[in-house]
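If you want the building blocks of each chain, they are given just below.
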Amino acid sequence: MGIAKLLLLSLMSVLYCVSTGKAEYLKYKDPKQPLGTRIKDLMKRMTLAEKIGQMTQVEHKIATAEDMKKYFIGSLLSGGGSVPRPMATSKDWVDMINEFQKASLSTRLGIPMIYGIDAIHGNNNVYNATIFPHNIGLGATRDPDLVKRIGAATALEVRATGIQYTFAPTIAVCRDPRWGRCYESYSEDPKIVEEMTEIIPGLQGEIPANHKKGVPYVAGKDKIAACAKHFVGDGGTVNGIDENNTIISEHGLLSIHMPAYRDAIIKGVSSVMVSYSSWNGEKMHANHPLITGYLKNTLKFRGFVISDSGGIDRITTPADSNYTYSVQAAINAGIDMVMVPYMFKEFIGNLTALVSKGVIPLGRIDDAVSRILRVKFVLGLFENPMADFSFTAELGKKEHRELAREAVRKSLVLLKNGKSNGNPFLPLPKKAPKILVAGSHADNLGYQCGGWTIEWQRLGGDITVGTTILDAIKSTIDPSTKVVYSENPDIDFMKDNKFPYAIIVVGEPPYAEFAGDNLNNLTLLDPLPSTIQTICGVTQCAVIIVSGRPLAIAPYIPAMDALVAAWLPGSEGQGVADVLFGDYGFTGKLSRTWFKSVDQLPMTIGDKNYDPLFPFGFGLTTEPKQARPISAADISRKRNYWFFTIFLALLLHRY
């Protein structure tokens, strides 16, 4: 009987230890352990299926909680326009993401998933988010600190939706404005693009002193993981054709397109996305010397390398013609996480078979997974995997909109001011009997935000919360001034109304990626040229161009009294009116060359036959209007007025 009791007590003790976790100490779950120790401890516990799951990123629209558990999916994403529901709130996003996260945590090892989104000018997929100017405008500010502050605000608005990872910044050096992604580039000058990598410590936090080079760093729950893209040379393709071939020497590639990646890595960027494009005929998604040789070995990048959406499919021509080979080439080249985003079962099956056959070494899988886990540990996902509602008030908040308004003001480039020297037309007077506001882009929030806003491709109208340029003008001018809006007035309307001046807002319709390649030879679409000529032929006019790049406007400039490049200003159109009417001065400088004719393209600063309409760095300046100081005579008049008013009131009261 005593022996039986002893055995029973021993069994109960074993069961207690197992149930309380005392049977085995899990180092990877201990935040006090060194980062390398946690990674190694978790890696040794993982099966091949669990490792390959970590390398797989799936579009949330096709993933289920069961998929997360069955395939050990390591990452989800929202592509352009992929939302929980139209006009989804912060709560909708957090609830959706947490449902997927619960599924990930319920797996054997409980590895949290990481969720990514294209927050490239604010959290732009999300309704009511602050939409900042696109990068081309930010490059015109020449203000890295401003860009850093925008990164910090964007991180908070991304966290407001429960997301921990953004596919930004784009650090392409756009060398040809015919490229449909040129507005995602800060400049044609690699030095300006390098300076603007300050957005990374804004998104992720400032790296500590003596931080090891190449190791990702994310400061806390109010920061997110960043992704430098698209590696490398995407802005230098032939004729600016998206996903095309960049023909350039190794020296040219390293001196023009690579420097910003070096800076991004020094600043602790978490991931790098590979470009769809090719370098001298070799697809970047299969380029081992650049991905593994240069990025990982030479630059010592320790974060993870991610493919672009469906990027490995495009390794072959036509796409998907040999998917097994594409998987093999991409993973062996050094890609760690694959943005599938739909064919995830096929990807997992192919990669599993290739590893089992020894075509892809297990060591390559281990390298990829350790890099992904490093970012997840650095993000604090193992300690705080679930999103909460502590950041929901950050979405579209007033302080962020004021920051966006500041960015708009600083991004505006004044290209012409008056038809004769010494007689400037801007800033405009706020008081007039009536003024005309015209043009396709004056009262269209979607147009002024551009592509990658709420949806991936073009959208116009009231797509989110913001202030159109027309509304901004109405709120800025004197209350006694009547604002007349007519998108495309005819000559009779103009002659009948006799406006003292007009503001014309025109530009490109929104587009993204290849849909914007060489759009109508970079000209203003009809009827915009006639709108300018009709109005400017009758009255004084200021023309504002809303576009993702310079346009062919040389024939129309003589008729204009003022010309402003506003780029794609985003949701806060008030920043345009702030400068137009002189509350602030114009300070922006061209971040790229403004050509005379598309026949000159590609043309960048430093070219032998450089003959631009407006050169790189050009930008006229104005001083803000100062309120007239109150003189002694003013004070005396006011004092006499009040004395008389009080005397009259007393007199009336007495009688």
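Being a predicted model, the structure only gives us computed values, none of them experimental.

(A) Representation of the overall build of the chain. Looking only at helices and strands, the chain has 22 helices and 17 strands in total. Here the C-alpha radius of gyration of the chain, 29 Å, is about what a compact globule of 655 residues would show, namely 26 Å. On the principal axes, the C-alpha backbone points of the chain span a range of 115 × 75 × 45 Å. Here the chain, with 655 residues, has 58% of them falling under the buried criterion. Residue pairs at least 24 apart in sequence account for 77% of intrachain contacts in the chain once pairs closer than 6 positions are excluded. Accessible surface, the chain as shown: approximately 26,100 Å² in total, 56% of it carbon and sulfur.

(B) Examining the pairing of strand S15 (residues 501-507) more closely. Within S15, seven of the seven residues are buried, which leaves it mostly tucked inside the rest of the structure. In S15, alternate side chains face the same way, and those of Tyr501, Ile503, Val505 and Gly507 on one face and Ala502, Ile504 and Val506 on the other are all buried. In terms of strand pairing, strand S13 (residues 434-438) meets S15 through three bridges, oriented parallel. Residue pairing across strands places Leu436 opposite Ala502, the latter belonging to S15.

(C) Molecular detail of the confidence of the model for the chain. Across the chain, the average pLDDT comes to 93, with 92% of residues at or above 70. The lowest-confidence element of the chain is helix H1 (residues 2-20), averaging 43 in pLDDT; the highest-confidence one is strand S10 (residues 304-306), averaging 99. Within the model, pLDDT remains below 50 along residues 627-652, and this stretch shows four contacts once partners closer than five positions in the same chain are excluded.

(D) Structural view of the nonpolar core. In this structure, Phe231, Phe347 and Leu351 are the most contacted members of the largest nonpolar core, which totals 117 residues. When residues of this core are assigned to their parent elements, the largest contribution, nine residues, is made by helix H15 (residues 362-379). Not counting residues within four places of it along the chain, the set of residues in contact with Phe231 comprises Met258, Tyr261, Val272, Met273, Val274, Ser275, Met284, Leu290, Ile291 and Leu295. Counting residues in each nonpolar core, the second largest holds 75 residues, with Tyr183, Leu426, Ala512 and Val579 among its members.

(E) Representation of the packing of aromatic side chains within the structure. Using the criterion set out here, one finds 12 aromatic pairs in the structure. Centre to centre, the rings of Tyr165 and Phe167 are 5.1 Å apart; their planes meet at 70°, and the pair counts as edge-to-face. Taken as a pair, Tyr165 and Phe167 share a single burial class, namely buried. On the numbers, 4.1 Å between centres and 15° between planes, the contact of Phe377 with Phe382 is stacked. In this structure Phe382 comes out as buried when scored by relative accessible area, which is 16%. Through pairs of rings, three or more aromatic residues link up here, namely Trp567, Trp594, Phe614 and Phe618.

(F) Representation of a negative patch on the surface within the structure. Taken together, Asp443, Asp462, Asp471 and Glu487 make up a surface patch of like negative charges. On the basis of relative accessible area, Glu487 is assigned to the partly exposed category, the value being 44%.

(G) Summary view of helix H2 (residues 35-43). For H2, the full list of buried residues reads Arg38, Ile39, Asp41, Leu42 and Met43. Among the structural elements, helix H3 (48-54) and H15 are those in contact with the buried residues of H2.

(H) Region of the structure containing the UniProt feature "domain: Glycoside hydrolase family 3 N-terminal" (unreviewed entry) in the chain. When the UniProt feature table is mapped to this numbering, "domain: Glycoside hydrolase family 3 N-terminal" (unreviewed entry) covers residues 47-375. Helix makes up 40% of residues 47-375 and strand 10%, and the two end C-alpha atoms of the span are 20 Å apart.

(I) Local environment of the sheet that holds strand S8 (residues 278-279). Spatially, the three strands line up as an open sheet ordered S6-S8-S9, and their pairing is mixed. The two strands at the open ends of the sheet, each matched to only one other strand, are strand S6 (245-246) and strand S9 (282-283). The pairing of S8 with S9 spans two bridges and is antiparallel. Of the residues in S9, the one forming a bridge with Ser278 is Lys283.

(J) Up close: the state of the cysteines. Tallied over the full model, the rule gives two disulfides. Each bonded cysteine in the chain gets a number by its place in the sequence, and the pairs come out as 1-2, 3-4. Cysteine Cys227 shares no disulfide, and the gap to the nearest cysteine sulfur, in Cys174, comes to 19 Å. Given the relative accessible area of 0%, Cys227 is considered buried. Cys449 takes part in no disulfide bond, and the closest cysteine sulfur to it belongs to Cys182, at a distance of 19 Å.

(K) View of the sheet that holds strand S7 (residues 271-274). Sheet architecture is open: three strands sit in the order S5-S7-S10, paired in parallel fashion. At either margin of the open sheet sits one strand with a lone partner, and together these are strand S5 (227-231) and S10. Adjacent strand axes in the sheet meet at a mean angle of 25° when their direction is disregarded. Relative to S10, S7 is paired through three bridges, and the arrangement is parallel. Opposite Val272, over in S10, you have Val305 as the bridge partner.

(L) Broad picture of the packing of helix H13 (residues 323-333) against helix H14 (residues 344-356). Relative orientation of the contacting elements H13 and H14 amounts to 70°, with a least axis distance of 10 Å. Between H13 and H14, the angle falls in the class roughly perpendicular. Regarding H13 and H14, the two cross each other, and that crossing is right-handed. Contact with H13, carried on its side by Tyr323, Thr324, Val327, Gln328 and Ile331, involves Glu346, Phe347, Asn350, Leu351 and Leu354 of H14 and no other residues of that element. In the contact of H13 with H14, the residues fall into six nonpolar, three polar and one charged.

(M) Fine view of the pattern of salt bridges. Within this structure, the stated rule accounts for 38 salt bridges. Residues Arg149 and Glu406 are paired through a salt bridge, measuring 2.9 Å at the closest nitrogen-oxygen approach. One end of the pair, Arg149, is in helix H7 (residues 144-159); the other, Glu406, is in helix H16 (residues 398-411), with 257 residues separating them in the sequence. Because the salt bridges share partners, they merge into one network encompassing Asp143, Asp145, Arg149, Glu406 and Lys410.

(N) Structural detail: unusual backbone geometry. Residue Pro341 follows Val340 across a cis peptide bond; omega there is -20°. As for its placement among the helices and strands, Pro341 is situated in the loop between strand S11 (338-339) and H14. In this chain, Leu601 is followed by Pro602 through a cis amide linkage whose omega measures -5°. Its place among the elements puts Pro602 in the loop between helix H21 (574-580) and helix H22 (632-654). In this structure, Asn239 is a non-glycine residue whose phi angle is positive, near 60°. Assignment of secondary structure puts Asn239 in the loop between S5 and S6. In this structure, Glu243 takes a positive phi of about 70° despite not being glycine. Inspection of the secondary structure assignment puts Glu243 in the loop between S5 and S6. A residue is classified by how much of its surface remains accessible, and Glu243, at 23% relative accessible area, is partly exposed.

Cut-offs applied
- Residues numbered from 1 in each chain as written.
- Predicted model: local features only at pLDDT ≥ 70, side-chain atom pairs only at ≥ 80, totals over all residues.
- Heavy atoms only, no water.
- Helix = DSSP H or I, 4+ residues; strand = E, 2+ residues; numbered from the N terminus.
- Rg over C-alpha atoms; globule rule 2.2 N^0.38 Å.
- Buried < 20%, exposed > 50% of the residue type's maximum accessible area, 1.4 Å probe, protein only.
- Contact = heavy atoms within 4.5 Å.
- Areas by Shrake-Rupley, 256 points an atom, 1.4 Å probe, with all protein chains shown as cover.
- Pairing = 2+ DSSP bridges.
- pLDDT = per-residue confidence, 0-100.
- Core = buried A, V, L, I, M, F, W, Y, C linked by side-chain atoms within 4.5 Å.
- Phe/Tyr/Trp six-rings, centres within 6.5 Å; stacked < 30°, edge-to-face > 60°.
- Patch = residues over 30% accessible without salt bridge, like charges linked within 9 Å, V, L, I, M, F, W, Y side chains within 5 Å.
- Salt bridge = Lys/Arg side-chain N within 4 Å of Asp/Glu carboxyl O.
- Lys, Arg positive; Asp, Glu negative; His and termini not counted.
- Charge placed at Lys NZ, Arg CZ, Asp CG, Glu CD.
- UniProt positions renumbered as here; feature names shortened; annotations may be inferred.
- Disulfide = S-S within 2.5 Å.
- Axes fitted to C-alpha atoms, helices over the stretch in contact; angles between N-to-C directions.
- Parallel < 35°, antiparallel > 145°, perpendicular 65-115°, else oblique.
- Left-handed = near helix turned anticlockwise from the far one by under 90°.
- Nonpolar A, V, L, I, M, F, W, Y, C, P; charged D, E, K, R; others polar.

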